[in-house]
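For reference, the chains in residue letters:
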Amino acid sequence: MDSLGDTLWDVVICGTGLQQSLLALSLSRSSKSILHIDPNNYYGGADAAFSLQEAESWASSIAAGTDNDRGTFKSASTTKPDGNTGLSFPRAYSLALSPQLIHARSKLLSQLVSSRAYRQVEFLAVGSFFIFKPSTSSGQKPSLVRIPSTREDVFSTTAIPTKAKRGLMKFLKFVLNYDSEQRLATWQPYADGPLTDFLQWEFKMDAELQTYILTLTLSLDGLITTRDGLSTIYRHLTSMGVFGPGFAAVYPKWGGISEIAQVACRAGAVGGAVYMLATGIQEIETSGDNIELRLTSGDKVKTRLLVRNDENAEVGNGVSRLAAVVGSPLKPLFEALVEGAPLPAVAVISFPAGSLLTTAGKAYGYPVYVFAHSSDTGECPVGQSVLYLTTLTTPDSKEILTQSLQLLSEVIDADHLPPSLFQLYHEHGRGSVASRPDGSTFNFPDASLSLLFDDSTLEPVHEAWKQVMGETAVDTDYMTFPDREGIMDVEDMYD
Amino acid sequence: MSEKSKTLPKELQLVASAHVKYIQSLDTRKDEYEYWLTEHLRLNGLYWGLTALHLLGHPEALPRTETIDFVLSCQHENGGFGAAPGHDAHMLSTVSAVQILAMIDAFDDLEARGKGKAQVGKYIANLQNRQTGTFAGDEWGEEDTRFLYGAFNALSLLGLLDLVDVDKAVDHVVACANFDGGYGVSPGAESHAGQIFTCVAALTIAGRKNLVDADRLGKWLSERQIAGGGLNGRPEKKEDVCYSWWVLSSLEMIGKTHWIDRDQLIAFILRCQDPENGGISDRPGDMVDVWHTLFGLTGLSLLEYPGLEPVDEVYCLPKSTTERILGK
Amino acid sequence: MADQGGSAHGIARTSRVRTEEQRKVELDKIAKYRELEDQVRSGVARGDTSPGLFQLTSKLLRLNPEYYTVWNVRRRLLTSGLLSKSSAASSPLTVSLTASPTATTTPPSAALSSSSLSATQPSPASPTAGRSGTTADSPAGEGKVSAADATPEAAAAAGQKKDFDVLKSELEFTIPLLLDSPKCYWIWSYRLWLLQQVIDRLSVSMARRVWQEELGLASKMLTRDRRNFHAWGYRRHVVAQLESPRLGGESMVEAEFEYTTRMIRMDLSNFSAWHSRSKLIPRLLDERGADDSTRKGFLDEELGLIREALNVGPEDQSLWYYHQFLILNLVNPVGHPTLTPAFSLEDRVTYVTREIQDIKELLEDYDDVKLIYEALLEYTLYLGQLQGRKLDGAEKDELAEWLQKLKKLDPMRNGRWTELERECGLVEMEAFET
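Quick caveat, the model's predicted, so the values are computed rather than measured.

Q: What's the story with the overall build of chain B in this structure? I'm lost.
A: For chain B, the count of helices and strands is 16 helices and 4 strands. Over its C-alpha trace chain B gives a radius of gyration of 19 Å, about what one expects of a compact globule, namely 20 Å for 328 residues. Looking at the 328 residues of chain B, the share that counts as buried comes to 70%. For chain B, restricting intrachain contacts to residue pairs at least 6 apart in sequence, the fraction spanning at least 24 positions comes to 65%.

And the structure:
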C-alpha cells in the first residue's frame, strides 16, 4: 500500500465511539477513501468495554491524567473488596463503561438490520424492571417490586390496588397514541413540566405509581419532561414483544454498545477503510479546501473532511458509575415471566429518589439505577454477575452507589451476601450535546449519558455521511446494503 | 354495470368489468408457479369464479360446454369428484362440482355423460358418520362441520337429502353450539364465523333454523364489524373480506343483517378491490385471489349493492339457480 | 365452498411484472415441479410401492403441502407395505377423529364401532388406488424380520418396533411443514391419521409415549400463534386421546384448566383460552366431586378473576364473553351446563345484582367503553327475566340512557340499538306520552 501521506483521503474519522463507527459502517460500501484512527489503543471510546486488566490500567491513566479523553472521565478507581479470591482470569470479563439498553423499536436496530451488520451482533433480552422499596418503620423488610408494563402484568400484580390499576391502564392506553390530536391537547399544557405532574393531575396517580412510570424512562434526575417522558414510554410499550414475547429492550452481548462499534468498524475495514489504533491527531492545518493532519504516529495525511468528537466540549456535571462483579448468578432477577420468552440477561432496578439516605441522614434527591447483567451477557464467567450502578454526580454519589450495592445484595439474599469481587468506579462528565459542522471538520457531540439508547445520537452520523458523500448522497440508500456474498439468510430461521 | 352504480363516487364503484377479466384470466396463468401449486383447488376455484361471474351478470364469460367437460373429467367411478383430473375424490370438490353443474343447469349432462346423480349422492352419503351424524371429507376420516354443510348443500340440490340421517346430523350441529350463540368446527371448539355459517346453513337446509339462538348469535355476529367497517371472524382478530360472506350470510339467515353498518362494510369491500387488474383481496392493498373476489361480491350482493345479482345466503349460489332447482 | 388454503391472506399487492429472466426461472421451476408430479403419478399408476416413490412424495409435499392426493398416496404406501400387515387396523379405515369432550366416557368398543363407517364405504375411492397386492417382500420388510423373530410373539414385537420407527419418522416429516404452514388442514389431518395408526398398531405404552409428545407440539404451536384454532382443536383431540382408556389414560382436566390460566395470564385477549376454560369447568367441578359450597367458591373465584381482568381491559370482547358465560350460568341454567345447580333464585338475583353494581363502578373510569353499556343492558334485562317481572321506571330510565350512550359510542350497530329500544318499550312509551 502507498504510504498514508500519498492519498488525499475523502474522510479521516478520529475516534471509534459509536457515532464514528456507525459512520464508517455507513460508508463501508461507498468508494470513498477512509482513514479511521483512534488515540486509544481500544475500540469504543466512551462506550468501550474492558477486561479487568484494561479497566485497571484505564483507571490509573485517568487518575494520572494520561488518558486521551480530554478530562471526560474523572475519579476512576478499581478495587477488589474481597481480595483476589473468586475472580477468574482478567479476559473472562468485559465491563462496559457506559451500558445502555436499546429499545426494540430503536432506529439503531433497524439500521443494523438494513446494513446487515446485525448478523455479527448477538442481542439479549432485557427482562424485568424492579423498584427498590426500603424497609418501613412498621418492620416491613426492604424488597424489590416488579413494575408491570403490560396489561397482563397489571392484571396479575398484587402490588397495586384494583382502582389504581385503572389509572395505570388508562395511562398506558393514553400513551399508545399520545401524539393524536385529541391527546395532544391533554398533555400539551404539561409538555415542558415534569412528567410526574402530568401523571398526578391527569391520571390521579399516587407517588408510588408515578415512580413506576418514571422508572421506565430511566430519567437520571427524575425530572424528565412530560414530552420526553411520553415519547420514551411510548417507545417502551410499542417495543414490547417486537423481537419476542415478554421484553421491550435488548442488550448486545459481550459489552453492549462497544460491540456494535467494533462490528461497525469491522464492516468499515472489510469495505477498505484503513484502521490505526493508538494514533491520535497532533496538529491540524487547513490547506485550501483540504485539511492536513500530523498524526501522533508521525505520519502526515491530507483529507477533504475530518470527523471527530467535539474538542470544544464544556465538561459539565455528569454521572457517577460503579461497575461491580459479584460472585452470585443472582438468579431471581433473571426469570422469564411469559411462556415462550427468552431468558433475560439484563434486569433493571431503580432506587427511586428519596429512598436512600446520605451519611448525613438526608434523603438523597436523585434516583439510582442498576443494570444487573447475568453471565449470559458474556461480561463475566458463569456463576457471577455484573451490576452497573449509575446516578447523577454529586458530592454524595460515590457513597450512595456503594450503599445501593450493599442494599441490593441484602434484598436479593440477606443470608448469603454475594462476595464483591471487583469494582470499577468512575465519573463521566457531561460534554457537548450538539453536533457542530465547522468547515472541513465535523464535530460529533460527546457520547450520551442516557441509560436508554437515544435515537437522536444517529442524526449527526447521517449528517456526517451526507457531508462525505456530497452530491452522490441518496438518502434512501443510507445504511441499506445487500448481504455480502456467502452469508446465509438467517432471518428465515427465526421465523 | 348498472346505471345506478355509475352515479356513485369513484371510491364506491365496483370495477365489475375488471373483475370479469380477472376471473377469465385465471386459467391462462399456466406460466406461473402458483397456478400449479393450487391445482388441488381447481374445481373449487372454478366454482368460486363462475359464481362470481353469475353475480356480476356475466354467466357466459366462461364457456359452458368446456366447463361441463372439465367438471365431469374430475369424477371418479364412485361418484365423487377430485379437484382436478388425477386428484382423489373429496367432499369439498364434489360439492363444488354439484354447485357448478347446478348453476349452469347441467344435471342432465351428469346423468348422460357422468356417473349420474345417484352415484354422487351415494358417495356423499357414505361419508356420513352414522354414529355421530357428522361427515368426513373423504375416506381418511377428517371430520368437520364444513363437510356436513357441504353434504347438505349438494344433496339437497340433487334432491337426495333423504340418503342421509338428517336428524343425527342436526344433533351433531347442535352439539357444536357454544354459550355465545356461535358454533365451532366440532363439539367443544370455539365459535368461528366460518363454522357458524356452515352450521346455521345446514340447520336451515334441514328446516331446523328454530334451533339457532338467533338473538345471542346475532349479537356475536354483529360485534364482528370493527373500526374501518370490515368484519372479523372471531373476537380480537383482524378484519378480512371473506367474513363479508361468512358473517353476513349468517346474519341474513337469522334476519339480522341490519345489525351492522351496511355502508361502512360496502366501503371496506370496495377498498379491497384491485382497481386496475380486477379481483378483491382480504384487506386493502393485499394480493387478490378468486376466493376473496367471490366473497367480496357475495357480501356486496347481500348488501344489495346496485348491479349485482342476488345471492342465496344458504347455498352461496345465485338466487336464480336455487329458485330454479329448489323452487324457493 | 368452504375455507381452505390457496387464498392469499395478508400478502401485499405488488405489480407482477416479471423480467424475461424471472419468467424463465419460473418456467424452469414449473417444469421441475410438473416432472416430479408426473413421476409420482406414473409410479402410482404402475402400482409402485417402493421407497423410491415414497421419497418422491416427500419431495413433492415439501414443495406443496396442500396436495392432498399426495398425502393419500403416502397413506396408501404406508398401509400397503411400509407398515406391518399384522394389525387388525390395516383395513382402509375411517375412524372418528373428532375431538369430543365426552371421549373419556366413551367405552372403547364405541370408539371401535365408529369404524363401521368403513364397512359402508366402497374400498379406496381413487381409481389410482386399491393396490393391495404387496407382501412381506415390500421394502419396509427388508431385513427387519429375521429368523430370530420366528415365534408369533417375537414377530409381533418386531412388527411393532418397525411400525413405531416408520410412524415416528412420518410424524417428524410433517413437523417442519406444519411450522411453515400452520393453517394447512391437510397436514393436520394427515398427522391425526398417523396418530390413529399409532393407537391401532402399537402397544398401549408405546402409543402413549407418542401421543404424550403431541401435547408438546400442540403447546409449541400455540406459543407461536395463540389463537390458531387448528392447534386448539388438535390439543383438545390429543388430550381426549391421552385421557382415553385406549391409551391407559386418566383425566387431564386439572392440567388443562391450569394451561388455560397460563395462556390467559400471558394474553388476556386470548379468547380461545377463555373458551377452552368455559368448556373445561363443568367437568372440572364434576371430577373434583365439588359440593355446593365448593361450587359457590369456585364461581366466586372465576368472577373475581374476570372482574380483575375487566378492570384492566374493559374494551376487550374476549373478557366480556367469558363474563357472559358465568352470568348465563346464573340466569339461564337450562340449556347450559350450570356450575351452581343448588343456587336458589334469591342467590342468582343477588349475584347478578352485584355484578351489575360492579360493572357500573367501572364507568367511573371508563365512561367511553361501549361494551360496559352493552353488558349493563343485557344483564339488567336478564335480571327482570330471572325475577319474572317487568322493569321498573328507574331501570327503564337507565336502559334509555345506556342506549343513548351506545348509539353515540357505537353507531355501527345502530340498527341493533334501535331494535332493542323498541323491544324494551322505550320508544312506544315516548310515543304514548306525546
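Q: Help me understand the interface of chain C and chain A in this model?
A: One frequently used descriptor of interface size is the decrease in accessible area upon assembly of the parts. With 24 residues of chain C at the interface, the matching set in chain A holds 17 residues. Regarding the contact of chain C and chain A, the summed buried area is about 1,900 Å², with carbon and sulfur atoms giving 47% of it. Scanning the region where chain C abuts chain A turns up 6 salt bridges. Its salt-bridge partner being Arg 151 of chain A, residue Asp 316 of chain C comes within 2.9 Å of it at the nearest N-O pair. Where chain C meets chain A, there are 13 residue pairs in polar contact (both at pLDDT 80 or more). Where the side of chain C that touches chain A is concerned, the elements lending two or more residues are helix 8 (204-224), helix 10 (253-266), helix 12 (292-312) and helix 14 (345-362) of chain C. Of the residues assigned to the side of chain C that touches chain A, the class counts are 9 nonpolar, 4 polar and 11 charged.

Q: Help me out: how do you make sense of the interface of chain C and chain B in this one?
A: The interface is formed by 86 residues belonging to chain C together with 93 residues belonging to chain B. Together, the buried faces of chain C and chain B total about 8,000 Å²; carbon and sulfur atoms form 52% of this surface. At the boundary of chain C and chain B, one finds 12 salt bridges. Salt-bridge contacts for Glu 378 of chain C lead to Lys 219 of chain B; the nearest nitrogen and oxygen are separated by 3.3 Å. Our count for the contact surface shared by chain C and chain B stands at 35 residue pairs in polar contact (both at pLDDT 80 or more). At 9 residues, the largest contribution of residues to the side of chain C that touches chain B is made by helix 1 (residues 20-46) of chain C. Classifying every residue of the side of chain C that touches chain B by side-chain character gives 33 nonpolar, 29 polar and 24 charged.

Q: I keep staring at the sheet that holds strand 2 (residues 11-14) of chain A and nothing clicks. Help me out?
A: Paired through their backbone hydrogen bonds, the strands of a sheet run either parallel or antiparallel. Residues and elements named next belong to chain A. If you trace the 6 strands from one edge of the open sheet to the other, you get 11-3-2-15-22-21, paired in mixed fashion. Single-partner strands in this sheet number two, and they are strand 11 (274-277) and strand 21 (436-438). On average, each strand axis in the sheet is inclined to that of its neighbour by 15°, with strand direction left out of account. Bridging between strand 15 (residues 306-309) and strand 22 (residues 441-444) involves 4 bridges; their strand directions are parallel. For Val 307, the partnering residue across the bridge sits in strand 22 and is Phe 442. The strands that helix 12 (residues 458-469) touches are strand 2, strand 21 and strand 22; relative to strand 22, the one it contacts most, it runs at about 170°.

Q: Can you help me understand the arrangement of the chains in this one?
A: Here 2 pairs of chains are in contact, and chains B and C lead that list by number of contacts. One thing to see here is that chain A and chain B don't touch, and their nearest C-alpha atoms sit 15 Å from each other.

Q: Honestly, the UniProt feature "domain: Prenyltransferase alpha-alpha toroid" (unreviewed entry) in chain B in this entry has me stumped. Any pointers?
A: Here, UniProt's "domain: Prenyltransferase alpha-alpha toroid" (unreviewed entry) annotation points to residues 16-317 of chain B. Here residues 16-317 of chain B runs as 49% helix and 2% strand, with 18 Å between its end C-alpha atoms.

Q: Could you clarify how one ought to interpret the nonpolar core in this entry?
A: Leu 101 and Phe 171 of chain A together with Phe 135 and Phe 152 of chain B are the most contacted members of the largest nonpolar core, which totals 307 residues. In this structure Phe 152 of chain B touches Phe 135, Leu 161, Val 164, Val 166, Ala 169, Ala 202, Ile 205 and Ala 206 of chain B, once residues within four positions along its chain are discounted. One finds Ile 34, Ala 264, Leu 305 and Ala 464 of chain A within the second-largest nonpolar core, a separate group that totals 39 residues.

Q: Could you clarify how one ought to interpret the environment of Ile 281 of chain C in this entry?
A: Residues and elements named next belong to chain C. If you trace the backbone, Ile 281 turns up in helix 11 (residues 271-288). Judged by relative accessible area, which is 0%, Ile 281 ranks as buried. Taking C-alpha positions, Ile 281 is 9.4 Å from Glu 254, a pair spaced 27 residues apart along the chain. Beyond its immediate sequence surroundings of up to four residues, Ile 281 is in contact with Phe 257, Phe 298, Glu 302, Tyr 322, Phe 325 and Leu 339.

Q: How should the pairing of strand 2 of chain A be read in this particular structure?
A: Taken residue by residue, a regular strand's side chains alternate between the two faces of the sheet. Residues and elements named next belong to chain A. Here strand 2 shows no split at all, with Val 11 and Ile 13 on one side and Val 12 and Cys 14 on the other all buried. A crossover links strand 2 with its parallel partner strand 3 (residues 34-38), the connecting element being helix 1 (residues 18-26), and its sense is right-handed. Sheet analysis places strand 2 next to strand 15, joined by 2 bridges and oriented parallel. Paired with Ile 13 across the bridge in strand 15 is Val 307.

Q: So what exactly am I meant to see when it comes to the pattern of salt bridges here?
A: Proximity of charged atoms lets side chains of opposite charge pair with each other. Applying the stated rule across the entire model yields 68 salt bridges over all chains. Linking Lys 219 of chain B and Asp 215 of chain B is a salt bridge whose minimum nitrogen-to-oxygen distance equals 3.6 Å. Highlighted residues: Lys 219 of chain B and Asp 215 of chain B, both in helix 12 (residues 214-222), separated by 4 residues, approximately one helical turn. The class for Asp 215 of chain B is partly exposed, based on a relative accessible area of 34%. Among the ionic pairs, Asp 358 of chain C bridges to Arg 307 of chain C, the shortest N-O distance being 3.0 Å. Pair noted here: Asp 358 of chain C is in helix 14 and Arg 307 of chain C is in helix 12, with a separation of 51 residues, a long-range link.

Q: Just checking my understanding: could you explain helix 13 (residues 317-331) of chain C for this structure?
A: Residues separated by three or four positions in an α-helix point in the same direction, a consequence of the helix having 3.6 residues per turn. Residues and elements named next belong to chain C. Taking 1.5 Å per residue as the helical rise, helix 13 with its 15 residues ought to reach 21 Å, and the 20 Å between its terminal C-alpha atoms agrees with that figure. When you tally the buried positions in helix 13, you get 15 out of 15 residues, the bulk of the element. Measuring from the backbone nitrogen of Ser 318 back to the side-chain oxygen at the start of helix 13 gives 3.0 Å, which picks out Asp 316 as the cap.

Q: I'm lost on unusual backbone geometry in this one. Help?
A: Only a minority of non-glycine residues have a phi that is not negative, and only a minority of peptide bonds are not trans. Positive phi values are uncommon outside glycine, yet Lys 204 of chain A reaches one of about 50°. Looking at where Lys 204 of chain A falls in the secondary structure, it is placed in the loop between helix 7 (195-203) and helix 8 (207-217). For Glu 304 of chain B, which is not glycine, the phi dihedral falls at a positive 60°.

Q: Explain the packing of aromatic side chains to me, please; I cannot follow it from the model alone.
A: Aromatic ring pairs are reported here in terms of the distance separating the ring centres and the angle at which the planes meet. Under the definition given, this model contains 39 aromatic pairs over all chains. Measuring from ring centre to ring centre gives 5.0 Å for Trp 58 of chain A and Phe 73 of chain A, while their planes differ by 75°; the resulting arrangement is edge-to-face. With a gap of 15 residues between them, Trp 58 of chain A in helix 2 (residues 52-64) and Phe 73 of chain A in strand 5 (residues 73-79) connect regions that are remote in the sequence. Overall, Trp 58 of chain A belongs to the buried group, its relative accessible area being 4%. Ring geometry for Tyr 178 of chain A and Trp 187 of chain A: centres 5.8 Å apart, planes at 40°, overall tilted. In this structure, Tyr 178 of chain A and Trp 187 of chain A share a single accessibility class: buried. Within the aromatic cluster, the residues linked to one another by ring pairs are Trp 48, Tyr 149, Phe 197, Trp 245, Trp 246, Trp 291 and Phe 295 of chain B. Directly above the ring of Tyr 35 of chain B sits Arg 42 of chain B, whose terminal nitrogen or CZ lies 3.8 Å from the centroid.

The rules we used
- Residues numbered from 1 in each chain as written.
- Chains lettered and ligands numbered in written order.
- Predicted model: local features only at pLDDT ≥ 70, side-chain atom pairs only at ≥ 80, totals over all residues.
- Heavy atoms only, no water.
- Helix = DSSP H or I, 4+ residues; strand = E, 2+ residues; numbered from the N terminus.
- Rg over C-alpha atoms; globule rule 2.2 N^0.38 Å.
- Buried < 20%, exposed > 50% of the residue type's maximum accessible area, 1.4 Å probe, protein only.
- Contact = heavy atoms within 4.5 Å.
- Buried area = accessible area lost by both parts, 1.4 Å probe.
- Salt bridge = Lys/Arg side-chain N within 4 Å of Asp/Glu carboxyl O.
- Polar contact = N/O pair within 3.5 Å; in protein donor to acceptor, adjacent residues only side chain to side chain.
- Nonpolar A, V, L, I, M, F, W, Y, C, P; charged D, E, K, R; others polar.
- Pairing = 2+ DSSP bridges.
- Axes fitted to C-alpha atoms, helices over the stretch in contact; angles between N-to-C directions.
- UniProt positions renumbered as here; feature names shortened; annotations may be inferred.
- Core = buried A, V, L, I, M, F, W, Y, C linked by side-chain atoms within 4.5 Å.
- Right-handed = clockwise from strand over helix to strand, strands pointing away.
- Expected span 1.5 Å × (residues − 1).
- Phe/Tyr/Trp six-rings, centres within 6.5 Å; stacked < 30°, edge-to-face > 60°.
- Lys NZ or Arg CZ within 6 Å of the ring centre and 35° of its normal.

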